Amino acid sequence: MGLDRALTPGASWKIGYAPESWSRLTDHLQRQGYGFATLVRAGLMRWTDDGAPIDRYRNRLMLVARDQRLAPTGFVGIDRAGRPELLTPTTPVHRPSNALVGMEEQIDLLQHGATAVVVDDPMDAMVIEQVSRSTTKQYVGIPLCESPMSTAQARMLRRYSETDRVIVMMPTDKESRQRAVGAALDLAFFFDRIRVLSRPSGHAMNYVAQSPSGGRSMLEYLSLSKPLTGHQNGLNDNVTDHTSLGLEDPGPNL
């Protein structure tokens, strides 16, 4: 589930592929009449140290990042190990902190009151969206792609959410968990009801989603989220869970 479903015809997620080639896209766009300067400003091409024009993106699955108008402005890549990367640099039309992945693909669910579940990994977001569409349609997955959430992104998510409720899924490793706590605190400026939930370890999320009762199990797990409590003072000095944020109990595993 997740990526496999997202690559099927008719899937809601817009996914492309940047082939393992040095200049296939650059050569194609040049034949269409685009100059090097335009391609560099668009973040699609870069120069090598020897002065050769090459594609910026190679051998990656590509997801579209969109701005507050849901216009495409940049790309996130997924490498062979499944790790997301923010690939598009800051350009005249793209600032990574002002764009999100997955908004346009799930806008119908958001506008009908679905609760956003903020996650680190695009694959987790796809699993949540697909389970939701096949069951109650009450959740969407919004991936941060292993980056901190900005105020602009939190405001953008609230703009397209009909509910004042949002769930932040907390990863297990400390660095990612710290980012997630920061996201929860930023979201608290725009959402009245912030809830947190620990992410199942390893591939448990995918495994349960694929099981015969996967949809029901996933919904039951999301229902275990707890309210965000306490003040906006982040993590303890030793980067452990902050008890005032209600994160001391990781909750049951799937």
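Residues numbered from 1 in each chain as written. Predicted model: local features only at pLDDT ≥ 70, side-chain atom pairs only at ≥ 80, totals over all residues. Heavy atoms only, no water.

J.: Honestly, the overall build of the protein in this entry has me stumped. Any pointers?
T.: Each helix and strand in the protein was counted, giving 9 helices and 12 strands. In the protein, 68% of the contacts between residues at least 6 apart in sequence involve partners at least 24 apart. Total accessible area on the protein stands at roughly 12,600 Å², and carbon and sulfur atoms take up 49% of it. (Helix = DSSP H or I, 4+ residues; strand = E, 2+ residues; numbered from the N terminus. Contact = heavy atoms within 4.5 Å. Areas by Shrake-Rupley, 256 points an atom, 1.4 Å probe, with all protein chains shown as cover.)

J.: Looking at this structure, I do not really get the side chain of Ser 23. What am I missing?
T.: Looking at the secondary structure, you find Ser 23 in the loop between strand E1 (15-18) and helix H2 (24-31). When its relative accessible area of 19% is taken as the criterion, Ser 23 is described as buried. (Buried < 20%, exposed > 50% of the residue type's maximum accessible area, 1.4 Å probe, protein only.)

J.: Just checking my understanding: could you explain the pattern of salt bridges for this structure?
T.: When the charged atoms of two side chains with opposite charge come close together, those side chains can pair. Evaluation of the coordinates by the stated rule reveals 11 salt bridges. Put simply, Arg 66 and Glu 104 hold a salt bridge, and the shortest N to O gap is 4.0 Å. With Arg 66 in strand E4 (residues 60-66) and Glu 104 in the loop between strand E7 (100-101) and helix H4 (107-111), the pair connects residues that are 38 residues apart, well separated along the chain. By relative accessible area, which is 28% here, Glu 104 ends up partly exposed. (Salt bridge = Lys/Arg side-chain N within 4 Å of Asp/Glu carboxyl O.)

J.: I would appreciate a short explanation of the sheet that holds strand E10 (residues 165-170) in the present structure.
T.: The strands that make up a sheet are held in pairs by hydrogen bonds between backbone atoms, and each pair lies either parallel or antiparallel. In spatial order, the strands read E9-E8-E10-E11-E12; together these 5 strands make up an open sheet with mixed pairing. For this open sheet the edge positions go to strand E9 (139-143) and strand E12 (226-227), each flanked by a neighbour on one side alone. Where E10 lies against strand E11 (residues 193-198), 6 bridges are found, and the strand directions are parallel. When the bridges of E11 are listed, Met 170 appears paired with Ser 198. Along the sheet, helix H5 (residues 122-134) makes contact with strand E8 (115-119) and E9, crossing E9 at roughly 170 degrees. (Pairing = 2+ DSSP bridges. Axes fitted to C-alpha atoms, helices over the stretch in contact; angles between N-to-C directions.)

J.: Which parts of the structure should I look at to understand the pairing of E4?
T.: The two faces of a sheet get side chains in turn, since along a regular strand they alternate between them. For E4, the buried fraction is high: 5 of the 7 residues fall into the buried class. Relative to E4, E1 is paired through 4 bridges, and the arrangement is antiparallel. In the sheet register, Ala 18 faces E4, and the bridge partner there is Arg 60. Here E4 pairs with strand E5 (residues 72-78) via 6 bridges, running antiparallel.

J.: How should the environment of Arg 193 be read in this particular structure?
T.: Within the secondary structure, Arg 193 sits in strand E11. Sequence-distant contacts of Arg 193, that is, excluding residues within four places in its chain, are made with Thr 163, Asp 164, Arg 165 and Val 166. For Arg 193, the side chain forms a polar contact with the side chain of Thr 163, separated by 3.4 Å. (Polar contact = N/O pair within 3.5 Å; in protein donor to acceptor, adjacent residues only side chain to side chain.)

J.: Sorry if this is basic, but what is going on with the packing of aromatic side chains here?
T.: Each aromatic ring pair is specified by the distance between its two centres and by the angle formed by the two planes. Per the stated rule, a full pass over the model turns up 2 aromatic pairs. Judged by centre distance (5.2 Å) and plane angle (75 degrees), the rings of Phe 36 and Trp 47 are edge-to-face. Residue Phe 36 is found in helix H3 (residues 36-41), and its partner Trp 47 is found in strand E2 (residues 45-47); the two are separated by 11 residues along the sequence. Consider the rings of Tyr 57 and Phe 75, whose centres lie 5.6 Å apart with planes at 65 degrees: the pair is edge-to-face. In this pair, Tyr 57 is assigned in the loop between strand E3 (53-55) and E4 and Phe 75 in strand E5, connecting sequence segments 18 residues apart. The side chain of Arg 158 reaches across the aromatic face of Phe 191, ending 5.3 Å from its centre. (Phe/Tyr/Trp six-rings, centres within 6.5 Å; stacked < 30°, edge-to-face > 60°. Lys NZ or Arg CZ within 6 Å of the ring centre and 35° of its normal.)

J.: Got a minute to help me understand the nonpolar core in this structure?
T.: The nonpolar side chains of a soluble globular protein tend to be buried, and buried together. In this structure, Met 103, Leu 157, Val 166 and Leu 187 are the most contacted members of the largest nonpolar core, which totals 29 residues. Only H4, E8, E9, helix H6 (151-159), E10, helix H7 (174-187) and E11 provide two or more residues apiece to this core. Setting aside residues up to four positions removed in sequence, Leu 187 forms contacts with Val 118, Met 149, Ala 154, Leu 157, Val 166, Val 168 and Ile 194. (Core = buried A, V, L, I, M, F, W, Y, C linked by side-chain atoms within 4.5 Å.)

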